[in-house]
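# Structure at a glance
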Amino acid sequence: IKGCIQMGYVPAWKVRLNILPVDFVSNLIVKLSINDDTRNGVFNLSNPHTITWINLIELLQQCGYAIELVSPEIWKEKYLKTIKQDNALFSLLPLY
């Protein structure tokens, strides 16, 4: 997200995100680790209230971030290929 904000352009991916706030997850990890009943257990965390990628971007736009949704193909070919080393996405380029 940070790299897209730095770019000013975001791919219009049609995906749902299952994300959780880091403070919630870290708090839960601590609570589970100190509880004798849950120690050594396996837990899969998921959020029943998912959000679409596009809705997340729209929320960021409402917060004042100047980012434009473009097709994933245009984003990859026109914008992703031109980022510099100071962009947060630079180290992830091999994944794209």
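Above this text you will find the structure in question.
Report follows, based on the coordinates. This is a predicted model, so every value here is computed, not measured.

Moving on, we come to the environment of N47. The residue N47 is located in the loop between α2 (22–34) and β3 (51–52) in this model. In contact with N47, not counting residues within four places along its chain, are N18, I19 and L20. A polar contact is formed between the side chain of N47 and the backbone oxygen of I19, at a distance of 3.0 Å. Looking at N47, its side chain comes within polar contact range of the main-chain nitrogen of H49, at 2.8 Å.

In this section: the packing of aromatic side chains. In this structure the tally under the stated criterion is 4 aromatic pairs. Between W13 and W53 the ring centres are 5.2 Å apart and the planes differ by 45°, which places this aromatic pair in the tilted class. Placement of the pair is W13 in the loop between β1 (9–11) and β2 (16–17) and W53 in helix α3 (residues 53–62), with a sequence separation of 40 residues. We classify W13 as partly exposed; its relative accessible area is 27%. Judged by relative accessible area, which is 7%, W53 ranks as buried. Considering the side-chain rings of W75 and Y96, the 5.4 Å spacing of their centres and the 75° angle between planes classify their relative orientation as edge-to-face. Separated by 21 residues along the polypeptide, W75 in helix α4 (residues 72–79) and Y96 in the segment after α4 bring together distant segments of the chain. When its relative accessible area of 35% is taken as the criterion, Y96 is described as partly exposed. The structure contains a cluster of three or more aromatic residues connected by ring pairs, namely W13, W53, W75 and Y96.

Okay, the nonpolar core next. With 15 residues, the main nonpolar core has M7, V10, W53, I57, W75, L80 and L89 as its most contacted residues. Here the element with the most residues in this core is α3; it accounts for 4 residues. Setting aside anything within four residues of it in sequence, one finds W75 in contact with C4, M7, Y9, V10, P11, W13, V70, L80, L89 and Y96.

Our next topic: α3. Listed as buried for α3 are W53, L56, I57 and L60. Each buried residue of α3 lies within a common arc of 100° when the element is viewed along its axis, so the set occupies one face. Contacts made by the buried residues of α3 are with β1, β2, β3 and β4 (68–70). One or two steps after α3, the chain reaches G64, where phi turns positive at roughly 105°.

What follows deals with the environment of Q61. Take Q61: it is sitting in helix α3. Expressed as a C-alpha distance, the spacing of Q61 and L17, which sit 44 residues apart in the sequence, is 17 Å. When residues no more than four places from it in sequence are discounted, the contact partners of Q61 are I67, E68 and L69.

The rules behind these values
Residues numbered from 1 in each chain as written. Predicted model: local features only at pLDDT ≥ 70, side-chain atom pairs only at ≥ 80, totals over all residues. Heavy atoms only, no water. Helix = DSSP H or I, 4+ residues; strand = E, 2+ residues; numbered from the N terminus. Contact = heavy atoms within 4.5 Å. Polar contact = N/O pair within 3.5 Å; in protein donor to acceptor, adjacent residues only side chain to side chain. Phe/Tyr/Trp six-rings, centres within 6.5 Å; stacked < 30°, edge-to-face > 60°. Buried < 20%, exposed > 50% of the residue type's maximum accessible area, 1.4 Å probe, protein only. Core = buried A, V, L, I, M, F, W, Y, C linked by side-chain atoms within 4.5 Å. Arc of directions from axis to C-beta.

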